[in-house]
Amino acid sequence: MNENQLEKIYGLLKDFSTVILVTMGGPTCCHARPMAVAQVDENTDLWLFTSGDSEKVRQIGADSRVQIHAQQGYTSCVILAGRATVVEDRAMIREIWKPSFKVWFPEGAEDPNIVLLRIKGEEAEYWDSSGVNRFRYLYQSIKAIATGTAPEINEGEQHGNVALVH
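First, a word on what this report is: a plain description of the structure on this page. The structure displayed is predicted, hence computed values, not measured ones.

As for the overall build of the protein chain
Working step 1: Within the protein chain, the secondary structure is distributed over four helices and seven strands.
Working step 2: Starting at the N terminus and ending at the C terminus, the protein chain contains elements arranged as α-β-β-β-α-β-β-α-β-α-β.
Working step 3: Taking all 166 residues of the protein chain together, the buried fraction comes to 42%.
Working step 4: Taking as baseline every contact in the protein chain between residues at least 6 positions apart, the subset at least 24 positions apart corresponds to 67%.
Working step 5: Approximately 9,100 Å² of the protein chain is accessible, and the part contributed by carbon and sulfur atoms is 54%.

Structure below.
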């Protein structure tokens, strides 16, 4: 894996405050739900808070494969596929706790039912039209409309597939 690609995925993921978590172990093929992001590690591991007795914890127990879908309008999108584990580390829970999570856990970080989901990415795909890429994409879009062609996308900058090996 290219270190720049890992940095690219991390750079995009760290800007998302919410993601869609898709679990595979339910009664149907999959179940998707929005989740608040607690933390993103530089190696792209994602941390989410949930209740230990939640359906998503049961689904992950049956099948640890998950996907994370994150999108900010037209500027960036990341799809991360990997494995989830349930983590009951009280010190970690206190360390990455945010006051906004009190909406779901009124007792705070000491709520005995809180657990963390650690999402360890195995592969990711991204689309990035932020920063300088926004201008590139705008130019390519205008050019495409004017010439009747599709916009040229810079692979590795505006779009990429990345195998994440930790």
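Structural notes on the pattern of salt bridges
Working step 1: Per the counting criterion, the structure on display carries eight salt bridges.
Working step 2: Across the salt bridge formed by aspartate 45 and arginine 118, the nearest N and O atoms sit 2.6 Å from each other. You can see aspartate 45 sitting in the loop between β2 (31-40) and β3 (46-51) and its partner arginine 118 sitting in strand β6 (residues 114-128), a full 73 residues away along the chain.
Working step 3: A salt bridge links arginine 94 to glutamate 110, with the shortest nitrogen-to-oxygen separation between them at 3.4 Å. Linking arginine 94 in helix α3 (residues 90-96) with glutamate 110 in the loop between α3 and β6, this pair joins segments that are 16 residues apart in sequence.
Working step 4: Overall, arginine 94 belongs to the partly exposed group, its relative accessible area being 42%.

Topic: the pairing of β2
Working step 1: Inspection of the sheet shows strand β1 (residues 18-23) paired to β2 by six bridges, in the antiparallel sense. Bridge pairing links leucine 21 to arginine 33 in β2.
Working step 2: Looking at chain direction, β2 and β3 are connected through three bridges and run antiparallel. Each bridged residue has a counterpart across the sheet, and for valine 37 the counterpart in β3 is leucine 48.

Considerations on the side chain of lysine 8
Working step 1: With respect to the secondary-structure elements, lysine 8 resides in helix α1 (residues 3-13).
Working step 2: A residue is classified by how much of its surface remains accessible, and lysine 8, at 18% relative accessible area, is buried.

Conventions we followed
- Residues numbered from 1 in each chain as written.
- Predicted model: local features only at pLDDT ≥ 70, side-chain atom pairs only at ≥ 80, totals over all residues.
- Heavy atoms only, no water.
- Helix = DSSP H or I, 4+ residues; strand = E, 2+ residues; numbered from the N terminus.
- Buried < 20%, exposed > 50% of the residue type's maximum accessible area, 1.4 Å probe, protein only.
- Contact = heavy atoms within 4.5 Å.
- Areas by Shrake-Rupley, 256 points an atom, 1.4 Å probe, with all protein chains shown as cover.
- Salt bridge = Lys/Arg side-chain N within 4 Å of Asp/Glu carboxyl O.
- Pairing = 2+ DSSP bridges.

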